[in-house]
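As a plain string of letters, each chain reads:
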Amino acid sequence: MYRTHTCGELRLKDVNKEVRLAGWVQTIRKFGSITFIDLRDRYGITQLLFNEKLTEELDKNPLGREFVVQVKGTVSERSNKNPNIPTGDIEINVSEYRVLNKSAVPPFTIQDDTDGGDDLRMKYRFLDLRRNPVKKNLELRYAVNRATRNYLYENGFVDIETPFLIKSTPEGARDFVVPSRMNPGEFYALPQSPQTFKQLLMVSGYDRYYQIVKCFRDEDLRADRQPEFTQIDCEMSFVEQEDILQMFEGLIKYIFKEVKNIDYTEPVERMSWEDAMWNYGNDKPDIRFDMKVKNLKSENKIFLETLKQTEFAVFNEAETIVAISVPGCSDYSRKQTDELVEWVKRPQIGMKGLAFIKVNNDGTLKSSFDKFFNESQLKDFASFCDSKPGDLILILAGKEERTRKAISDLRLYMADRLGLRKADEYKLLWVLDFPLFEYDEESNRWVARHHPFTSPKPEDIQVMINNNPLIENSEKYLEHPYSKIKANAYDMVLNGNEIGGGSIRIFQRDLQEKMFAALGMSKEEAQHKFGFLLGAFEYGAPPHGGIAFGFDRLCAILGGSESIRDFIAFPKNNSGRDVMIDAPSTIDEKQLDELQIKLDLK
Ligand code: ASP
């Protein structure tokens, strides 16, 4: 028997017990003629005491960090207790030890605060995984997994696996493809999601399906994306939006309780997509704090009148002017406001500048555009922004889309600076009533905002059927009836992150065909790509809808981290590489031959 206990287990009550432990050498400290060794395993650390005789043996054959050893000995009370670890009251008086395996000197320290940089830790991820913080993340991930399975099982869901070698499922990214040796010249696509399969399962009558499943999307990787990631993928039959919202806010609340012991009893807030964009500049607002966006160049007629009287070209010529009132910052110094100006000018934000008004506590106003606005105009401005004494009003002006995104980023940035985004506070939000279509300038046509299987709102179905999708005047696409069609779709947002999204689906062949046509697909193309689904809809497809949650992201947020990578055992880097196994990599000539593939690298 290698061990009777783990390294995290022994306490004062075990004193005098004969035990065996096995684990990795964390530290070695020699004190005169005796040696202390911290032995580590998954469960904790236990101090070992090597007496004089054993120390002499160690001198002849030294142990090193990360050696794997087994010891036999007696538990004894420590004179010098360590209150920082659960086993800190005891140590093992070692009588025998055995080296089970040596270790090369690890390239970084296996400690909570390691000296290893990101790249090194990824190359030796198997060592990085020995560290406590990473281990905690993986344990949290498993807790979320268990809670999910429990809740869905209790609610009658069945876990059904769907294939990985399939045909394209459009979720807005490129497919990863796999050549078929047995069918030369043909390729499988890896699923961007199990979307079509879960819908087919509804046709088959499995009215509550789920799967915790890998999805694959070949897209340029931002910091928080991975080419393969995990979804909690769900689908239900005979449901309307309300059924889905209730079932799945139930799931997230259950996970909160099980994993974080948080009683999230209040109802989940709901917001239309339009309100989200209007009041927060973004469709996944963080509602832990207020600081709503003020839209100054819209229907705010009084403000427009004020603007006309001034000669500030930046404002007068801008398509959009938006502002936020940041509390308690009216005393910002020149240096601090300059910093903000630089911040919005960074390429990621892309604004030309930032205007501001300080609403001083004594009631006076000071702006960065005093030249153009007199005091009463400034007062008007501040009152349009509902500002209070002590506020710093930050104003951006420019093109609609960029400016709105910038103010949303600035809102989050200021909240971070003010500590308003508290890690231990959780605020859920449903965003509803998304547009069904988005206009794609490049191809001058409509693309699906969610995916092509999403149903329009019942009241908009006729609008879709009765109108030609063709956009005759690209400048006026906003006037096309399709731009007004709302989707029967919903996103769940947690602390400013989209953690899940789904929709009620189209379940009739003719409407689905109409949808494909609206997206510019010919009848033949639709049949070639999705004939199986269209065909299935002819055999009694029930009304259905579903949702998928980003599992990695949900874990990261619950673990208080920005990065999903920390919650994935073997993640890829930003170029999509696994630097540990060195993938992707070239393959043998022979393999290429078998696949009848010739490379023509540009
Ligand atoms: N398949 C969708 C996605 O991956 C989720 C859904 O509509 O259920 O985003």
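Let us look at the structure shown here. Every residue gets a number counted from 1 within its own chain, in the order that chain's sequence is written. With the structure being a predicted model, the display of local features is reserved for residues of pLDDT at least 70 and the display and counting of side-chain atom pairs for 80 or more, all residues being used for whole-chain, interface and lining totals. The basis for the side-chain values is all heavy atoms of the structure; hydrogens and waters are excluded.

**Some words on the overall build of the protein**
How we decide: Secondary structure elements follow DSSP: runs of H or I of four or more residues count as helices, runs of E of two or more count as strands, with numbering from the N terminus. Each residue is placed in one exposure class: buried if its accessible area under a 1.4 Å probe, protein chains only, is under 20% of its type's maximum, exposed if it is over 50%, and partly exposed if it falls in between. Residue contacts follow a heavy-atom distance rule, with two residues in contact if any of their heavy atoms lie within 4.5 Å. Residue exposure ignores everything except the shown protein chains as possible cover, and the areas themselves are Shrake-Rupley values with a 1.4 Å probe. All tallies of charge rest on Lys and Arg as positive and Asp and Glu as negative; His and the ends of each chain are not included. For this purpose, a charge sits on NZ of Lys, CZ of Arg, CG of Asp or CD of Glu.
Within the protein one finds 17 helices and 22 strands. Counting only C-alpha atoms, the protein reaches 90 × 75 × 55 Å along its principal axes. When the 602 residues of the protein are sorted by exposure, 48% land in the buried category. Taking the intrachain contacts of the protein between residues at least 6 apart in sequence as the baseline, contacts between residues at least 24 apart amount to 68%. Per element, the accessible surface of the protein, about 31,000 Å² overall, is 49% carbon and sulfur. On the protein, the mean spot of the 84 positive side-chain charges and the mean spot of the 96 negative ones are 4 Å from each other.

**Notes on the pairing of strand E3 (residues 44–50)**
Applied cut-off: Here a strand pair is declared whenever DSSP counts at least two bridges between the two strands.
Burial analysis of E3 places six of its seven residues in the buried class, the great majority of the element. Pairing of strand E2 (residues 34–41) with E3, which is carried by seven bridges, proceeds in the antiparallel orientation. Residue pairing in the sheet places Ile37 in a bridge with Leu48 of E3. Joining the antiparallel neighbours E2 and E3 is a turn of two residues. Summarising the sheet, E3 and strand E5 (residues 90–101) pair through two bridges and their orientation is parallel. If you follow Leu49 over to E5, its bridge partner there is Asn93.

**A short note on the site of the ligand**
As a reminder, the rule being used: Any residue with a heavy atom positioned within 4 Å of a molecule or strand is treated as near that molecule or strand. Nitrogen and oxygen atoms within 3.5 Å of one another constitute a polar contact, given that in protein one can donate a hydrogen and the other can accept it, and given that sequence-neighbouring residues count only through two side-chain atoms.
Lining the immediate environment of the ligand, one finds 14 residues, of which Glu171, Gln195, Lys198, Gln231 and Arg505 sit closest. The backbone of Ile547 places a nitrogen or oxygen atom 3.5 Å from an oxygen atom of the ligand. Contributions of two or more residues to the shell around the ligand are made by helix H5 (195–203), strand E21 (497–504) and strand E22 (544–550). The element that contributes the greatest number of residues to the shell around the ligand is E22, accounting for three residues.

**Some details on the packing of aromatic side chains**
Applied cut-off: Pairing of aromatic side chains requires ring centres within 6.5 Å, counting the rings of Phe and Tyr and the six-membered ring of Trp. Pairs whose planes differ by under 30 degrees are stacked, by over 60 edge-to-face, and all others tilted.
If you walk through the whole model with that rule in mind, you get 29 aromatic pairs. Their ring planes at 45 degrees and their centres at 6.1 Å tell us that Phe248 and Phe549 sit as a pair that is tilted. Linking Phe248 in helix H6 (residues 241–260) with Phe549 in strand E22, this pair joins segments that are 301 residues apart in sequence. Taking the centre distance of 5.2 Å and the plane angle of 70 degrees together, the rings of Phe315 and Phe369 count as edge-to-face. Placement of the pair is Phe315 in helix H9 (residues 313–316) and Phe369 in the loop between strand E15 (365–367) and helix H11 (375–384), with a sequence separation of 54 residues.

**Some remarks on helix H7 (residues 273–280)**
Each α-helix turn comprises 3.6 residues. Residues three or four places apart therefore point the same way. We count it as follows: Picture the helix axis, draw a direction to every C-beta atom, and the arc is the one those directions span.
Residues Trp273, Ala276 and Tyr280 constitute the buried set of H7. Taken end-on, H7 shows its buried residues confined to a sector of 70 degrees, consistent with a single buried face. Looking at the packing, one finds that the buried side of H7 touches strand E11 (269–272), helix H12 (400–417) and strand E17 (428–432). Trailing H7 by a residue or two, Gly281 shows a phi angle of about 75 degrees, which is positive.

**As for helix H14 (residues 509–518)**
Residues of H14 that are buried: Leu511, Gln512, Met515, Phe516 and Ala518. Viewed end-on, H14 has its buried residues packed into an arc of 160 degrees, placing them on one side of the element. Elements in contact with the buried residues of H14: strand E18 (437–440), strand E19 (445–448), helix H13 (461–466) and helix H15 (523–536). Downstream of H14 by one or two residues, Gly520 has phi in the positive range, about 85 degrees.

**Remarks on the nonpolar core**
Which entries qualify depends on this criterion: In this text, buried Ala, Val, Leu, Ile, Met, Phe, Trp, Tyr and Cys residues form a nonpolar core when linked through side-chain atoms within 4.5 Å.
Counting residues in each nonpolar core, the largest one holds 44 residues, and the members touching the most others are Phe248 and Ile252. No other element matches H6, which puts nine residues into this core. Ignoring any residue separated from it by four or fewer positions in sequence, one finds Ile252 in contact with Leu428, Met492, Ile499, Phe549 and Leu554. Counting residues in hydrophobic clusters, the runner-up holds 25 residues, among them Cys329, Leu394, Ala406 and Leu412.

**Thoughts on the environment of Ala276**
Topologically, Ala276 is positioned in helix H7. In the structure, Ala276 is positioned 218 residues away from Leu494 in sequence and 14 Å away in space, judged by C-alpha atoms. The contacts of Ala276, once residues within four sequence positions are left out, are Met271, Gly281, Asn282, Asp283 and Pro285.

**Re the side chain of Ser193**
Within the secondary structure layout, Ser193 lies in the loop between strand E8 (187–189) and H5. Engagement of the side chain of Ser193 in a polar contact is seen with the side chain of Glu171, the distance being 2.6 Å. Aside from chain neighbours lying at most four places away, what touches Ser193 is Thr169, Glu171, Cys215, Arg217 and Gln231.

**Details of the sheet that holds strand E6 (residues 158–159)**
Each strand in a sheet pairs with another by means of backbone hydrogen bonds, the pair being arranged parallel or else antiparallel. Rules: Axis angles are defined between N-to-C directions and span 0 to 180 degrees, where every axis is a line fitted to C-alpha atoms and, for a helix, only to the segment in contact.
Taken in spatial order, the eight strands make up an open sheet running E6-E9-E10-E22-E21-E20-E17-E11, and their pairing is mixed. Two strands in the sheet have a free side with no partner beyond their single neighbour: E6 and E11. Note that E6 and strand E9 (residues 208–216) share two bridges and pair parallel. Residue pairing across strands places Asp159 opposite Tyr210, the latter belonging to E9. Sheet strands in contact with helix H4 (residues 132–154) are E6, E9 and strand E10 (228–237), and its direction is about 150 degrees off that of E9.

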